[in-house]
Amino acid sequence: QVQLVESGGGLVQPGGSLKLSCAASGFTFSFSTYAMRWYRQAPGKERELVAGSVGAITNYADSVKGRFTISRDNAKNTVYLQMNSLKAEDTAVYYCNARRYYIAYWGQGTQVTVSS
């Protein structure tokens, strides 16, 4: 059974940093063959793509470029999201997503709250 378990969320002051982790297990195929993405959903808003990692290629939402970095450790079946210079508008539940062709999996989410 596939599981994606996010961790690392919490309360941080504006300008602070957090590093999210998403540990994957139960994949049929090698972790390295999955596109891994981070999404977020703020209260009252739609879920949005934050960052993605497909092979050696990464992409970011314009709102987080230069502040967030996605990385992956294929040996540990884990993807990370380093978040720096956090703003109040980054407050949301952050979800990990894994996709391979037409099959996609979601984690349960981790809350990130940016507030003084």
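1. Let's talk about the sheet that holds strand β3 (residues 18-25)
Item 1. Reading across the sheet, the four strands line up as β1-β3-β8-β7 and stay open at both edges, with antiparallel pairing between neighbours. The open sheet has two edge strands with one neighbour each: β1 (3-7) and β7 (68-73). This sheet shows a mean twist of 15° between the axes of neighbouring strands, independent of strand direction.
Item 2. Bridge count between β7 and strand β8 (residues 78-83): six bridges; the pairing is antiparallel. Within β8, the residue paired with S71 across the bridge is Y80.

2. Here we look at the state of the cysteines
Item 1. Taken as a whole, this structure holds one disulfide when the rule is applied.
Item 2. The disulfide partner of C22 is C96, and the gap between their sulfur atoms is 2.1 Å. The chirality of the disulfide connecting C22 with C96 is left-handed, given an S-S dihedral of about -80°. Taken together, the residues C22 in strand β3 and C96 in strand β9 (residues 92-100) connect sequence positions 74 residues apart.
Item 3. On the basis of relative accessibility, which here comes to 0%, the residue C96 falls in the buried class.

3. Describing the pattern of salt bridges
Item 1. The full count for this structure, using the stated rule, is four salt bridges.
Item 2. A salt bridge links D90 to R67, with the nearest nitrogen and oxygen atoms 2.8 Å apart. With a gap of 23 residues between them, D90 in the loop between β8 and β9 and R67 in the loop between β6 (57-60) and β7 connect regions that are remote in the sequence. Take D90 and R67: they sit in the same class, and that class is buried.
Item 3. Connected through salt bridges with shared partners, the residues R40, E48, R67 and D90 form a single ionic network.

Calculation criteria
Residues numbered from 1 in each chain as written. Predicted model: local features only at pLDDT ≥ 70, side-chain atom pairs only at ≥ 80, totals over all residues. Heavy atoms only, no water. Pairing = 2+ DSSP bridges. Helix = DSSP H or I, 4+ residues; strand = E, 2+ residues; numbered from the N terminus. Axes fitted to C-alpha atoms, helices over the stretch in contact; angles between N-to-C directions. Disulfide = S-S within 2.5 Å. Buried < 20%, exposed > 50% of the residue type's maximum accessible area, 1.4 Å probe, protein only. Salt bridge = Lys/Arg side-chain N within 4 Å of Asp/Glu carboxyl O.

None of this, on its own, says anything about what the molecule does.
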